[in-house]
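What follows is the residue order along each chain.
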Amino acid sequence: MLLDVKALQASYGATRVLHGMSFGMAPGSITTLLGANGAGKTTTLRAVCGMVKTGGEITFDGRRIDGKATEDIVRLGIAHVPDGRGTFAHLTTEENLRLGAYTRKDKARVHEDIERMYGYFPRLKERRRQQAGTLSGGEQQMLAVSRALMLRPKLLLLDEPSFGLAPLVVRELFGILRAVNQAERVSMLVVEQNAALALEVADHAYVLETGRVVLSGTAQHVRNDDAVRRSYLGY
Amino acid sequence: MSEAIVHQVFAGLATGGIYASLALALVMIYQATHLVNFAQGEMAMFCTYIGWSLLQTGLGYWPAFLLTVAVGFVLGVLIERIVIRPIERTSVLSVVVVFIGLLAILNSVAGWIFTYTIKPFPSPFPESLANPLMSPHELGSILVTLVMLALLYLFFRFTPLGLAMRAAAQNPESSRLVGIRVGWMLALGWGLASAIGAVAGMMVAPVVYLDPNMMGGILLYAFAAALLGGIDNPLGAVLGGFIMGVLENLLGAFVIGNDLKLAVALVLIVGVLLVRPSGLFGTVHVSRV
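Residues numbered from 1 in each chain as written. Chains lettered and ligands numbered in written order. Predicted model: local features only at pLDDT ≥ 70, side-chain atom pairs only at ≥ 80, totals over all residues.

**Details of the sheet that holds strand β10 (residues 212–218) of chain A**
Two pairing modes exist for strands in a sheet, parallel and antiparallel, and in both the strands are linked by backbone hydrogen bonds. Residues and elements named next belong to chain A. Here we have six strands laid out as an open sheet, ordered β6-β7-β8-β3-β9-β10, and mixed in their pairing. Each edge of the open sheet is held by one strand with a lone partner, namely β6 (78–81) and β10. On average, each strand axis in the sheet is inclined to that of its neighbour by 15°, with strand direction left out of account. In the sheet, β6 pairs with strand β7 (residues 155–159) via four bridges, with the strands oriented parallel. Looking at the pairing, isoleucine 78 lines up with leucine 155 of β7. (Pairing = 2+ DSSP bridges. Helix = DSSP H or I, 4+ residues; strand = E, 2+ residues; numbered from the N terminus. Axes fitted to C-alpha atoms, helices over the stretch in contact; angles between N-to-C directions.)

**Thoughts on the interface of chain A and chain B**
Of the residues lining the interface, 17 residues belong to chain A; the matching set on chain B comes to 15 residues. Grouping the constituent residues of the side of chain A that touches chain B by class yields seven nonpolar, six polar and four charged. (Contact = placed C-beta atoms within 7 Å. Nonpolar A, V, L, I, M, F, W, Y, C, P; charged D, E, K, R; others polar.)

**Re helix α3 (residues 61–84) of chain B**
All names here are of chain B. With 24 residues, α3 should cover 34 Å at 1.5 Å per step; its first-to-last C-alpha distance of 32 Å lies within 8% of that length. All buried positions along α3 are accounted for by Ala64, Phe65, Thr68, Gly72, Phe73, Leu75, Gly76, Val77, Ile79, Glu80 and Ile84. Of the surrounding elements, those touching the buried residues of α3 are α2 (40–56), α4 (92–114) and α8 (182–208). (Expected span 1.5 Å × (residues − 1). Buried ≥ 20, exposed ≤ 12 C-beta atoms within 10 Å, placed from the backbone.)

**Remarks on the sheet that holds strand β5 (residues 63–64) of chain A**
All names here are of chain A. Spatial strand order, β2-β1-β4-β5: four strands in an open sheet with antiparallel pairing. Edge strands, defined here as strands with exactly one partner in the open sheet, are β2 (15–25) and β5. Alignment of strand β4 (residues 54–60) against β5, held across two bridges, turns out to be antiparallel. Among the inter-strand pairings, phenylalanine 60 is bridged to a residue of β5, identified as arginine 63. Where helix α1 (residues 41–48) meets the sheet, it contacts β1 (3–12), β2 and β4, and its direction lies at approximately 70° from that of β2.

Given below as structure tokens:
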């Protein structure tokens, strides 16, 4: 297992959001977390990278990471595209990308990777000297994904990557994520409102309800589950 | 008359450089904490005394200068780590009280160690810099200020560490997500701000003489300068500093006289806050309520 989460608990103040969640991810896989608003998807991602206090065990690449500081978890190779994108609004597009590679030791190859991101998203190249805050929502989402990939992560956490994007851009983005996953074996944990899309790209899926896993299996299996079809896929 | 005006403008630029430096230090701390460090002036004063002590040991001026800047940097880092860090998540009021406490402590400790007797402080600039417009010290301190500002610009604009420090001040959460150690970046920011203050202190000390209260008025001008330029805009603060210096000198020499000079700063502070709280180049903040 690349990522192994056992009996994960998390609270915001007095409100418990996760009630003993357990799930795992195989190396190189794309796994998706499905569930209604408030089921605990975003919190799960935030817990993995140490942004909320948690109970339970999180093991990444054979190492316990629960309780570690976010910046140390990132250094182990986990990149996060957070809810709301988290771009550095007052820095330029290119500075945002350079920051993504902040912890990398192979500085010489960082420039190559910036060009690679511009290859994936030519719009970013046009806007390289522009302040990130002036980019459109779609461009900012591309920038957030690119910045996360600049880490050359082993595991990429994506929180609602399709949020606010035009359908065509969403197709393009997921195509690129698929390609990166296959070419570089970057594992991905995707939280997505658009369940049909998520199940299309994912190998594995977990369905959450109020902070617990209620269904899991291959994407194929989950897609064919009657309850999932009715609640999330709408047919 | 016109010659006198020109002379006052250039003299104003020299003191303006001092205000610009301190205003920049204030802005750097403001960007990270969203608070004005009232102890910035006393930190600079304390560093200047350290410079004075080093000069008393017989060390040459420039080695003593560089050593003082280094000590100033360490002092800033230590203050952040020991005093500020434990309270950074508490209320705004607690932090402000700690800033004022630091001001009082540094002021008294300096008086206790070095006495309140006013001391002369040497200027390192040779007579050969003398010219019809400015005294050697005025020209020299402008040059030192400009070199320092240029170095800071290059550091923040072109080095990975400078970029990381800007990122950490702007958006701590996203910074952690790219692996930046935000706590240390803030400490480095304090170190740099304090080092800038040390330079400003040593440049202004030959003019105002060395005593524990030397920075009181100067910090007020620097605060006015930072507000004028925009408290969250480094470039604005620097420009504000130079404008402040020239304005103060011209008004003091030709309009209101020397006794009321400090009132210029106070009027400017009130005026900016009333008319344009974001300053000339600052960000206008809008919030939904």
